[in-house]
Amino acid sequence: MSHDPAKQAWQASVEIAGTPQLEEVQKDADKFFRAIRRRNMIEYVACAVVIVAFTIHLFTLTNIFHRIGSVLVIMAALYAPWQLHRRASAVRPEAAQAMPTHLHLRCQLVRQRDALNGILWWYVLPFFPGLVLFFLGQGYDQEINAAGPPIWMRWLIFAGMFAVVGFIVWLNKMGAQKLQKRIDDIDALTGGSE
Amino acid sequence: MNGKSAQDARYLAASRAHAAMIERLARGYEADPELRRDLVQEIHAALWRSFAIYEGQCSEKSWVHRIAHNVGVTHMMSGMRRRKMPLVGLEQIEELPGGDDPEHSTGQRSLSDRLLATIHRLAPADRQVMLLYLEDLTAAEIGEVTGLSASAVAVRIHRLKALLAEPYRAQEKRA
C-alpha cells in the first residue's frame, strides 16, 4: 500500500467486499436479450389486439372508407410484427455458439440500432394509410358526423396523431443513439469498428 | 477448458481480487446506496462479458479498471439530469470540503469522506483520474484506462497532489 495518507484513507474506506454469484452475474449480462424479448412480446400482443379490433370494425361498420381503412390497418398489423421479427427479434446469447460474446453482443446491438433507426418506414408508416382512411371515413359518415365532435376537434385529433408518431420516432432515434454508444464502447475496448 | 468456462474462471479470479476496488469505484460514481448496488452489479456483468475478449491487451488490473470506469461513467452520465449541483473540474476546487470542521480534520475515515465529497463534485474525466490516482495506479496506467494523453494525466495528477497536500500546508501555516 502507498504511504500517501489520502490513498491510504481511500483504500481503507472499503477493504473487503463480497462478489455476486456467477449465475446472478450471467443473468445480468443477459439483460439486453430479456429486454428485447419483452419489448417484442408487447408489440406482438398490441398488434394482435389491433387485428381483432379492426376485424370487428370491418364486419360492423358499413362506410366504405372505414372498411377499406380497417383492411389496411389489419394488413399493417400483420406486416409490422413480421418486420419486427425479421429485423429485431431477440437472439439468445447461447445462439452465439463459438462466436466471441462481445462480437455476438455487438451484432445484436447493431441489428437493434438499425431497426430503431428505420422504425418510421417499417413500423409506423404502414399503419398510416389505413388510419387516414379510417379517419376520413368519419367525415363522410352522416351518423358519426352528427354525433361526433366538431370538425376543428377532429383536425386537432389528426394533428395529435402526427405529433404522437413524431414523438415515437424521436424516442426510437434516442434509443438508437444509446445503442450506438454501447457499440462504440465495445469498439474502444477491442479496437474494432463497423 | 472451453471458452465459456475460461471466461468464468477469469472473471471469478478478477472479481475476487478487485471486489473492494469495484465497491470504492461505485461509491465514487453513485452516492445513493440503492443505485450503487445496481451499479456494482452492472460492473460485474460487464466484467464477466469482457473476459470473453480479454487477451492480455493490457494488464488485468488496467482491464478491470477500464471496464469498471466505462460502466461508472455511463451510469454517471445517465444520472446527470438528477443532479442539482453542476460538476466542476479539478482546477476549480481549491480545497477538500470540511477542512475547518474539527470532526473532519483527523482520522482516515473522515479523510475518505472528504475525498468522496470532492470526487462527487468532479466532472467525468477528472473524477476518473482522481479515483485511479487514489487506487495507486501509475500515470501510465491512468492514461491506459482513461485514454487521456500523458500530458493531460500529468496536469491532473499535479493538481490533485496540490489539492491533497493543501490541508497539511494549512496546518503548517497555522503552526
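Provided above is the structure to which this section pertains.
Now for a quick tour of the structure. (Residues numbered from 1 in each chain as written. Chains lettered and ligands numbered in written order. Predicted model: local features only at pLDDT ≥ 70, side-chain atom pairs only at ≥ 80, totals over all residues.)

## Things to note about the overall build of chain B
Thought 1: If you tally the helices and strands in chain B, you get seven helices and zero strands.
Thought 2: When its helices and strands are written in sequence order, chain B yields α-α-α-α-α-α-α.
Thought 3: The 175 residues of chain B split such that 37% are buried.
Thought 4: In chain B, once contacts between residues fewer than 6 apart in sequence are set aside, the share between residues at least 24 apart is 61%. (Helix = DSSP H or I, 4+ residues; strand = E, 2+ residues; numbered from the N terminus. Buried ≥ 20, exposed ≤ 12 C-beta atoms within 10 Å, placed from the backbone. Contact = placed C-beta atoms within 7 Å.)

## Things to note about the packing of helix α2 (residues 22-29) of chain A against helix α2 (residues 33-50) of chain B
Thought 1: Remark: α2(A) packs on α2(B), axes separated minimally by 8 Å, with the N-to-C direction vectors making an angle of 85 degrees. When the axes of α2(A) and α2(B) are compared, the pair comes out roughly perpendicular. Here A:V25, A:Q26, A:D28 and A:A29 of α2(A) come into contact with α2(B), specifically with B:Q41, B:H44, B:A45, B:W48 and B:R49. (Axes fitted to C-alpha atoms, helices over the stretch in contact; angles between N-to-C directions. Parallel < 35°, antiparallel > 145°, perpendicular 65-115°, else oblique.)

## Details of the nonpolar core
The tendency in soluble globular proteins is for nonpolar side chains to be buried as a group.
Thought 1: Core analysis: the biggest nonpolar cluster contains 42 residues, and B:I43 and B:L47 have the highest contact counts within it.
Thought 2: Sort the elements by how many residues they give to this core and α2(B) lands first, with seven residues.
Thought 3: Each of domain 1 (1-84) and domain 2 (87-175) of chain B accounts for three or more of the residues forming this core.
Thought 4: If we ignore the near neighbours within four places in the chain, the residues touching B:I43 are B:I22, B:A26, B:A68 and B:V71.
Thought 5: Ranked by size, the runner-up nonpolar core spans 14 residues in total, among them A:C47, A:A76, A:A88 and A:L116. (Core = buried A, V, L, I, M, F, W, Y, C linked by C-beta atoms within 7 Å. Domains from an automatic or database assignment.)

## A short note on helix α1 (residues 5-13) of chain A
Thought 1: Buried residues of α1(A): A:A6, A:W10 and A:Q11, and no others. The arc that holds every buried residue of α1(A), seen down its axis, measures 120 degrees, which confines them to one face. (Arc of directions from axis to C-beta.)

## Here we look at the packing of helix α3 (residues 31-60) of chain A against helix α4 (residues 64-88) of chain A
In helix packing, the relevant descriptors are the interaxial angle and the interaxial distance, both defined with respect to the helix axes.
Residue and element names in this part refer to chain A.
Thought 1: Running from N to C, α3 and α4 cross one another at 160 degrees; their axes reach a closest spacing of 9 Å. Classified by the interaxial angle, the pair formed by α3 and α4 is roughly antiparallel. Of the two elements, α3 crosses α4, and the hand of that crossing is left-handed. For the pair α3 and α4, contact is made by N40, E43, Y44, C47, V50, I51, F54, T55, H57 and L58 and by H66, R67, S70, V71, V73, I74, A77, A80, P81 and L84, respectively. (Left-handed = near helix turned anticlockwise from the far one by under 90°.)

## Looking at unusual backbone geometry
Thought 1: A positive phi angle, close to 75 degrees, is found at B:D136, a residue other than glycine.
Thought 2: The residue B:D136 is located in the loop between α5 (124-134) and α6 (139-146) in this model.

## Here we look at α4(A)
Count 3.6 residues to each turn of an α-helix, and residues three or four apart come out pointing the same way.
Thought 1: The end-to-end C-alpha separation of α4(A) is 35 Å, in line with the 36 Å expected for 25 residues at 1.5 Å each.
Thought 2: Among the residues of α4(A), those classed as buried are A:H66, A:G69, A:S70, A:L72, A:V73, A:I74, A:A76, A:A77, A:A80, A:P81 and A:A88. (Expected span 1.5 Å × (residues − 1).)

## Considerations on the environment of A:W10
Thought 1: Relative to the elements of secondary structure, A:W10 occurs in helix α1.
Thought 2: Residues within four places of A:W10 in sequence aside, it is in contact with B:R24, B:S112, B:L115 and B:L134.

## A word on the interface of chain B and chain A
Thought 1: Opposite the 25 residues of chain B that make contact, chain A presents 28 residues.
Thought 2: Within the residue set of the side of chain B that touches chain A, elements represented by two or more residues are α1 (3-29), α2 and α4 (108-119) of chain B.
Thought 3: If you tally residues by element for the side of chain B that touches chain A, the top one is α1(B), at nine residues.
Thought 4: The residue makeup of the side of chain B that touches chain A, split by class, is twelve nonpolar, seven polar and six charged. (Nonpolar A, V, L, I, M, F, W, Y, C, P; charged D, E, K, R; others polar.)

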